[in-house]
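Listed below are the residues making up each chain.
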Amino acid sequence: MTPVLYYHRVGPFRSGAPRKMTVTPENFKSQMHFLRRNKIEVLTLDRVLAGEKGVALTFDDGFKDCMDHALPVLQALHFPATFFIVAGLVGGTDTWMRVTPMPEERIMDWDDLKRLLDAKMTIGSHSMTHTALTQEEVVQSKRVLEEKLGVKMDHFAYPRGEYTAEMPGWVREAGYRAAWGTKGGDEGTYTRRRLPISANATLADFGARLLKARLGYY
């Protein structure tokens, strides 16, 4: 199996922010060089869907600090990645976190997203608002991102990785090629599972979890 990893923030820790949502720049760089040293090919999501073997990298929510700390590493190693963007909050903050005591984080703006495209990264949809998902959010987020960026949105990531029985149908009907959940998903085209990477993973943990995922154990 080809593990699809997902990150949120790549940057320094902030007071009050959850460790599971953040990977330090140093750890991220070490993880990427682990892939290079071990000759693990980094694939696009399209190549994963085609059945190729390796690993794929994804980033949820579009946090601004990924531009400073993740993108340069990806570019230096020539690794592709997919960034799942909350279309209605581009240039703002993660307002869906206001129901928690955690600090809000900045989200990439449209110029940042164009920089990602120029760097040969892929943009996908992560809904309009990252709140309770509706069919309209699936459709509208695709339309907004395509109109603003001029590229087709083939991939959708469910907010929080959660989906009900009808949601994969919404994504398929909207014209996406695939949809991505979290480790609670499966190998279905519109329910693909991904492996979370957090600050709690040492480099040894990272390697072990990657090996387990390649064997089908998430």
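Structure shown above.
Residues numbered from 1 in each chain as written. Predicted model: local features only at pLDDT ≥ 70, side-chain atom pairs only at ≥ 80, totals over all residues. Heavy atoms only, no water.

Draft legend 1. View of the overall build of the chain. When helices and strands are counted, the chain shows 8 helices and 10 strands. Over its C-alpha atoms the chain spans a radius of gyration of 16 Å, differing by no more than 12% from the 17 Å that the globule rule assigns to 218 residues. Its C-alpha atoms give the chain principal-axis dimensions of roughly 45 × 40 × 35 Å. The buried share of the chain, reckoned over its 218 residues, is 54%. Of the contacts made within the chain by residues no fewer than 6 positions apart, 62% connect residues no fewer than 24 positions apart. Of the roughly 9,800 Å² that the chain leaves accessible, carbon and sulfur atoms contribute 51%. With 30 positive and 26 negative side-chain charges, the chain shows a spacing of 6 Å between the two charge centroids. (Helix = DSSP H or I, 4+ residues; strand = E, 2+ residues; numbered from the N terminus. Rg over C-alpha atoms; globule rule 2.2 N^0.38 Å. Buried < 20%, exposed > 50% of the residue type's maximum accessible area, 1.4 Å probe, protein only. Contact = heavy atoms within 4.5 Å. Areas by Shrake-Rupley, 256 points an atom, 1.4 Å probe, with all protein chains shown as cover. Lys, Arg positive; Asp, Glu negative; His and termini not counted. Charge placed at Lys NZ, Arg CZ, Asp CG, Glu CD.)

Draft legend 2. A look at the packing of aromatic side chains. Applying the stated criterion across every chain, the model contains 8 aromatic pairs. Ring geometry for F34 against F206: centres 5.7 Å apart, planes inclined by 85 degrees, an arrangement best described as edge-to-face. With F34 in helix α1 (residues 25-37) and F206 in helix α8 (residues 203-214), this residue pair connects regions lying 172 residues apart in the sequence. We classify F34 as buried; its relative accessible area is 17%. Using a relative accessible area of 2% as the deciding quantity, one classes F206 as buried. An aromatic cluster is defined as three or more aromatic residues linked by ring pairs; in this entry it consists of Y7, F28, F59 and F83. Its guanidinium or amino end placed over the ring of Y176, K142 lies 5.6 Å from that ring's centre, counting from NZ or CZ. Against the face of Y6 rests R194, its NZ or CZ located 4.6 Å from the ring centre. (Phe/Tyr/Trp six-rings, centres within 6.5 Å; stacked < 30°, edge-to-face > 60°. Lys NZ or Arg CZ within 6 Å of the ring centre and 35° of its normal.)

Draft legend 3. How the structure looks around the packing of α1 against α8. Their axes nearest at 10 Å, the elements α1 and α8 cross at an angle of 50 degrees. As far as their axial angle goes, α8 and α1 are oblique. For the crossing formed where α1 meets α8, the hand is right-handed. Residue-level inspection shows S30, Q31, F34, L35 and R37 of α1 in contact with α8, the latter providing L203, F206, G207 and L210. Considered class by class, the residues forming the contact of α1 with α8 number 5 nonpolar, 3 polar and 1 charged. (Axes fitted to C-alpha atoms, helices over the stretch in contact; angles between N-to-C directions. Parallel < 35°, antiparallel > 145°, perpendicular 65-115°, else oblique. Left-handed = near helix turned anticlockwise from the far one by under 90°. Nonpolar A, V, L, I, M, F, W, Y, C, P; charged D, E, K, R; others polar.)

Draft legend 4. A look at empty space enclosed by the protein. Scanning all chains against the criterion turns up 2 cavities of 30 Å³ or more. Volume-wise, the largest cavity comes out at about 90 Å³. Taken together, R9, A17, P18, M21, T22, F63, D94, M97, M102, P103 and E105 make up the full set of residues lining the largest cavity. Considered class by class, the residues forming the lining of the largest cavity number 7 nonpolar, 1 polar and 3 charged. Estimates place the volume of the second largest cavity at around 30 Å³. For the lining of the second largest cavity, the class distribution of residues is 5 nonpolar, 3 polar and no charged. (1 Å grid on protein atoms, 1.4 Å probe; cavity = no way out; pocket = protein on both sides within 12 Å on 5 of 7 lines; lining within 4 Å. Points joined across faces, edges and corners; volume = space filled by probe spheres on them.)

Draft legend 5. Representation of the environment of F28 in the model. Among the secondary structure elements, F28 is positioned in helix α1. Beyond its immediate chain neighbours, meaning those up to four positions away, F28 contacts Y7, V10, V23, F59, H69, A70, V73 and L74.

Draft legend 6. A look at a nonpolar patch on the surface. Together, L211, L215 and Y217 line one region of the surface with nonpolar side chains, adding up to about 370 Å² of accessible area. Among the structural elements, Y217 can be located in the segment after α8. Assessed through its relative accessible area of 57%, Y217 is described here as exposed. (Patch = residues over 30% accessible without salt bridge, like charges linked within 9 Å, V, L, I, M, F, W, Y side chains within 5 Å. Salt bridge = Lys/Arg side-chain N within 4 Å of Asp/Glu carboxyl O.)

Draft legend 7. Geometry of the environment of P3. Within the element layout of this structure, P3 appears in the segment before β1 (4-7). With 191 residues separating them along the chain, P3 and R194 place their C-alpha atoms 6.7 Å apart. Apart from residues no more than four positions distant in its own chain, P3 is found in contact with G54, V55, A56, L210, A213, R214 and Y218.

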